[in-house]
Amino acid sequence: MIPASDNCPLCSGQAVADYHRDQRRAYLQCSACQLVFVPQRFHLADDLEKAEYDLHENDPQDLGYRSFLNRLAQPLLEKLQPDSAGLDFGSGPGPCLSLILEEQGHSVALYDLYYANHPELLESQYDFITATEVVEHLARPLFELNRLWGMLRPGGHLAIMTKLVASPDKFTHWHYKSDPTHISFFSVATFAYLGRRLGSAPQFIGADVIIFQK
Ligand SMILES: [Zn+2]
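Residues numbered from 1 in each chain as written. Predicted model: local features only at pLDDT ≥ 70, side-chain atom pairs only at ≥ 80, totals over all residues. Heavy atoms only, no water.

(A) Structural context of the packing of aromatic side chains. Tallied over the full model, the rule gives 15 aromatic pairs. Aromatic side chains Y27 and F185 sit 6.1 Å apart centroid to centroid with 55° between the ring planes, which places their arrangement in the tilted category. Here Y27 is found in strand 2 (residues 26-30), whereas its partner F185 is found in strand 8 (residues 184-185), with 158 residues between them in sequence. Look at F185 and you get buried, because its relative accessible area is 0%. Measuring from centroid to centroid gives 5.6 Å for F171 and W174, while their planes differ by 50°, and the two rings are tilted. Assessed through its relative accessible area of 1%, F171 is described here as buried. In this structure, R140 packs its charged tip against the face of F143, placed 4.1 Å from the ring centre. Over the face of the ring belonging to F171 we find K177, whose NZ or CZ atom lies 5.7 Å from the ring centre. (Phe/Tyr/Trp six-rings, centres within 6.5 Å; stacked < 30°, edge-to-face > 60°. Helix = DSSP H or I, 4+ residues; strand = E, 2+ residues; numbered from the N terminus. Buried < 20%, exposed > 50% of the residue type's maximum accessible area, 1.4 Å probe, protein only. Lys NZ or Arg CZ within 6 Å of the ring centre and 35° of its normal.)

Right under this line is the structure:
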């Protein structure tokens, strides 16, 4: 379950400080892992969260969306062996990344809590796992990321796309926090912390792609 009170949902740290506050929510920052997070009392109920996701359906034929996903797909494809087997975790209402990877000969299983809820897929092992625009939605990021890491074969890749927290000043005007389903905001320092937990240094690619190799 989610840690009691306002403990950090990534490292369980209790040293958290106010980071920002807007009309709707408070944002705290953990001094140990630097995660910026929205306390649980401000999280949306599941039905409201799904209604919000339904508003954001992406069209696989949309070239802009494909180009957005290629920021993760291209560097990942350069690392994969032929015919790799992967999982797209949090594939959403309109799978698109999986199509890009399948066009290059890989197979991709789809898991999504709301749109492809096949828990048996989380019992398998994969050569790669993708999570695009997912970690910012996680109420229990350490639990989920540890679970994904456990599903990777040795040498496998975990490829994440999320916008990174830069500074308190930029956070004030950051559109990313306006989405009410965004509750966990990672920074370079937070991914470095996660890398120490996983025993793998993160590779940062561009502004918002992070790849870990097991
Ligand atoms: Zn923390």
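Next, the rest of the story.
(B) Focus on the pairing of strand 10 (residues 209-213). Of all the 5 residues making up strand 10, 4 are buried; the element is thus mostly covered by neighbouring parts of the structure. Of the pairings in the sheet, the one linking strand 7 (residues 152-161) to strand 10 comprises 5 bridges and is antiparallel in character. Bridge pairing in strand 10 places L158 opposite F212. Relative to strand 10, strand 9 (residues 203-205) runs antiparallel, the two sharing 3 bridges. If you follow I205 over to strand 10, its bridge partner there is V209. Linking two consecutive strands that pair antiparallel, namely strand 9 and strand 10, is a turn of 3 residues; a positive phi of about 65° is found at G206 within it. (Pairing = 2+ DSSP bridges.)

(C) Here's a closer look at the coordination of the zinc ion. Distances from the zinc ion to its protein donors, C8 (SG), C11 (SG), C30 (SG) and C33 (SG), fall at 2.3 Å. In this structure, the zinc ion is coordinated by 4 donor atoms arranged in tetrahedral fashion, with angles at the metal of 97 to 120°. Counting the intervening residues between successive donors of the zinc ion yields the motif C-x2-C-x18-C-x2-C. In this pair, C8 is assigned in the segment before strand 1 (16-21) and C30 in strand 2, connecting sequence segments 22 residues apart. Among the residues examined, C8 registers a relative accessible area of 0% and is labelled buried. (Donors = N, O, S within 2.8 Å, 3.2 Å for Na, K, Ca; no water. Tetrahedral: all angles 85-135°; square planar, octahedral: opposite > 155°, others 65-115°.)

(D) The arrangement of unusual backbone geometry in detail. Positive phi, close to 70°, is recorded for Q34, a residue that is not glycine. Overall, Q34 belongs to the partly exposed group, its relative accessible area being 27%. Phi at D83 takes a positive value of approximately 55°, unusual for a residue other than glycine. Position of D83 among the secondary structure elements: in the loop between helix 2 (63-79) and strand 4 (85-89).

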